[in-house]
Every structure is written in C-alpha cells, then in structure tokens.
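Working through the structure, step by step
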Amino acid sequence: MPDVFGFLNIDKPLGITSHDVVHKVRRGLGIKKVGHAGTLDPLATGVLIVCLGGATRLSEYAMNSTKRYRARVHLGITTTTYDAEGEVTAERPIDHFSQNDVENALQPFLGNIEQIPPMYSAIKQGGRKLYDLARSGETVERAPRPVRIEALEIVDWSPPQFSLDVTCSAGTYIRSLAFDVGEVIGVGAHLAGLVRTASGAFTLENSINLETLLADPDWQRHLLPADYALASLPRLDLDAVDSNHILHGRVPQGDYPAADGLARAYDFQGRLAAILQSDNGIWRPHKVFLPNE
C-alpha cells in the first residue's frame with residue numbers, strides 16, 4: 001500500500017461508533033494510520049471526517065471547524081442520556097404548545113452561550129470519563145463550556161417532534177441543546193435523531209457511503225487533500241532553499257507576508273510541507289510533514 005495523505009468524507013452509518021468506522025477503514029483499506037476528526041454518537045449519522053496517514057496530524061484543524069446538523073427533537077419526554085438511547089426519566093403533555101412557542105424559546109440559545117455537557121459524554125473529570133461515572137450511578141457537577149450557535153431553524157413541525165437545522169461551533173452538544181430547550185419550554189425534550197450535514201468544507205452531499213468506499217478498488221479517488229481542513233489558514237509558498245530548511249525544522253529565510261497565528265507552507269513542488277506559527281513576526285515550524293507522509 002503506497003503512502004496516503006488526506007481525508008475521507010464518510011457518511012457514518014446508524015448504530016456504530018466513530019471508532020468502529022476507523023477500524024473498518026483501517027482493516028478494509030489496509031492502512032495503519034487512521035483517525036477521525038469529530039466524534040458522532042452511534043445514533044447519529046452524517047459527515048465523519050476520517051484522516052489517513054500523515055493527515056492524522058491535521059485532525060485538530062478539521063475538528064475545530066463550524067458544524068451543521070439536522071436534529072430531530074422529541075418534546076415532552078426526558079431521558080438519562082438526553083437522547084433516545086437512555087431511560088425515560090419524565091413524561092409531560094405538550095398539547096398546549098405551538099411551533100411559535102418553541103421558536104421563541106430557541107432565541108436565547110443563539111450567539112455565544114455557556115453549555116453544560118451531558119453526563120453521558122466522553123469529557124473527563126477527575127481523570128474519568130463522564131459516561132463511566134454515569135454508568136456507575138454517579139452524577140457530578142459539570143462546568144459550563146463556551147460554545148457558539150450561529151443559526152437555529154425549525155424545518156419540520158410534527159408534534160411531539162420537530163426537525164431543527166443547527167449551525168454551531170465545534171464542541172457543541174446537540175443532545176444538551178435539545179434538553180435545554182425542553183427545560184426552557186417546561187415540558188422536557190430529548191434528541192430523537194441527528195444527522196451532521198456539514199463539518200467545515202466537508203458536506204453530506206459530497207460524502208461517501210462507508211460500504212461503497214470499502215468495496216471500491218479505486219477508493220483513493222475519494223481521498224481529499226489537506227486544503228479541505230486548512231483552507232482558512234494563509235498560504236506561504238517556499239522556494240527550494242526554504243523547503244529544505246523547513247524539512248529540517250529550521251526557520252525559513254525568505255521574505256514572506258507577516259501574519260499572526262498559523263499558516264500552511266508548501267514546498268517548491270507544491271506539496272504541503274508544514275504548518276508554520278508566527279513568533280514575533282518570524283515564521284517557525286509548528287508541524288513538519290515529510291515528503292513521503
């Protein structure tokens with residue numbers, strides 16, 4: 001198997017974990033280094049970015065992009081996990097609520113908010129994952145986390161359920177959003193279904209079915225370049241001398257545009273060579289990629 005460097009945009013099937021997808025890709029395509037950027041719960045489907053080869057070192061950039069979801073929210077029933085997989089904790093009537101009431105309740109969730117993650121999540125507290133604590137019967141206080149919700153739109157109203165299009169920052173728990181909306185309304189709610197429709201430049205329309213991918217002898221035609229995850233970073237094109245400097249972890253000597261933060265650097269052959277970080281106006285290697293990665 002030749003070295004691969006890039007991403008796969010996979011439509012994650014229902015009922016399996018993101019780790020299951022990674023395992024299937026690793027085994028089915030015969031690639032040792034495989035990872036994913038942004039976990040989806042087993043009951044969620046849609047865009048799962050799978051990183052191959054050296055691109056596993058770029059997962060953080062793919063992971064931190066804006067997300068879009070189509071969420072199915074069930075009003076009147078709360079569960080232990082905030083989704084349909086958990087045990088029912090309460091049921092309340094909803095016949096006195098209208099779509100307009102729910103739309104009004106959504107407004108306070110727009111913009112920068114503080115969100116408390118669910119107990120059934122992989123966040124660690126005291127060295128243990130919250131879902132391990134929850135499964136052992138423990139409930140602990142969770143610190144709220146800053147997230148940003150850019151858009152909320154009801155696209156289908158079929159009480160007791162409705163479908164909601166969500167555009168949000170990375171790290172937003174849609175299960176918590178469903179639960180919190182139910183609490184504001186006063187009848188409770190849980191997440192009945194979830195589809196990730198976009199993660200940055202990766203969209204559901206351009207994704208590939210997992211089994212279709214694994215059955216394709218020419219699967220590499222579905223491989224997406226690093227630019228899909230790095231397009232928001234400024235680009236620097238290095239000459240032959242600085243390409244060699246970067247390869248050995250040295251500071252480039254050429255006159256390149258100044259900027260704050262990170263940039264993507266390409267060698268004189270047009271290959272991604274490194275992620276550079278600005279340090280007092282000087283570009284220094286942050287992550288270097290060897291030509292065979």
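Throughout what follows, the structure given in this document is the object of discussion. This one's a predicted model, so the numbers in the text were calculated from it and none came from an experiment.

Rules behind the numbers
- Residues numbered from 1 in each chain as written.
- Predicted model: local features only at pLDDT ≥ 70, side-chain atom pairs only at ≥ 80, totals over all residues.
- Heavy atoms only, no water.
- Helix = DSSP H or I, 4+ residues; strand = E, 2+ residues; numbered from the N terminus.
- Polar contact = N/O pair within 3.5 Å; in protein donor to acceptor, adjacent residues only side chain to side chain.
- Contact = heavy atoms within 4.5 Å.
- Core = buried A, V, L, I, M, F, W, Y, C linked by side-chain atoms within 4.5 Å.
- Buried < 20%, exposed > 50% of the residue type's maximum accessible area, 1.4 Å probe, protein only.
- Pairing = 2+ DSSP bridges.
- Axes fitted to C-alpha atoms, helices over the stretch in contact; angles between N-to-C directions.

1. Notes on the side chain of serine 243
Structurally, the position occupied by serine 243 is in helix 8 (residues 240-247). Among the polar contacts made by the side chain of serine 243, one reaches the main-chain amide nitrogen of phenylalanine 268 at a distance of 3.0 Å. For serine 243, the contacting residues outside a window of four places in its chain are Leu238, Asp267 and Phe268.

2. Notes on the nonpolar core
By size, the foremost hydrophobic cluster in this structure holds 29 residues, and its most contacted members are Leu75, Ile149, Leu152, Leu164, Val166, Ile174 and Leu177. Contributing elements (two or more residues each) for this core: strand 4 (67-75), helix 3 (99-106), strand 10 (145-158), strand 11 (161-168), helix 5 (174-185) and strand 12 (189-199). Element by element, the count of residues in this core is highest for helix 5, at 5 residues. Those residues in contact with valine 166 that sit more than four places away from it in its chain are Lys67, Arg68, Tyr69, Ile149, Ala151, Leu152, Ile174 and Leu177. Formed by 20 residues, the second largest nonpolar core is a distinct cluster that contains Ala37, Ile49, Ala62 and Leu224.

3. Observations regarding the side chain of lysine 12
Along the polypeptide, lysine 12 turns up in strand 1 (residues 5-12). A polar contact of 2.6 Å, which involves the side chain of lysine 12, links it to the backbone oxygen of isoleucine 16. Of the polar contacts made by the side chain of lysine 12, one reaches the backbone oxygen of alanine 44; its length is 2.8 Å. Apart from residues no more than four positions distant in its own chain, lysine 12 is found in contact with Thr17, Ser18, Val21, Leu40, Asp41, Pro42, Ala44, Thr45, Gly46 and Leu48.

4. Here we look at the sheet that holds strand 17 (residues 272-279)
Across a sheet, strands are paired by hydrogen bonds formed along the backbone, either parallel or antiparallel in direction. Strand order across the open sheet formed by 4 strands is 15-16-17-18, with mixed pairing between neighbours. With partners counted over all chains shown, the strands left at the sheet margins are strand 15 (235-237) and strand 18 (282-288), one partner each. Ignoring strand direction, the axes of neighbouring strands in this sheet form an average angle of 35°. Where strand 16 (residues 262-266) meets strand 17, 5 bridges bridge the pair, whose relative direction is antiparallel. Looking at the pairing, alanine 263 lines up with leucine 276 of strand 17.

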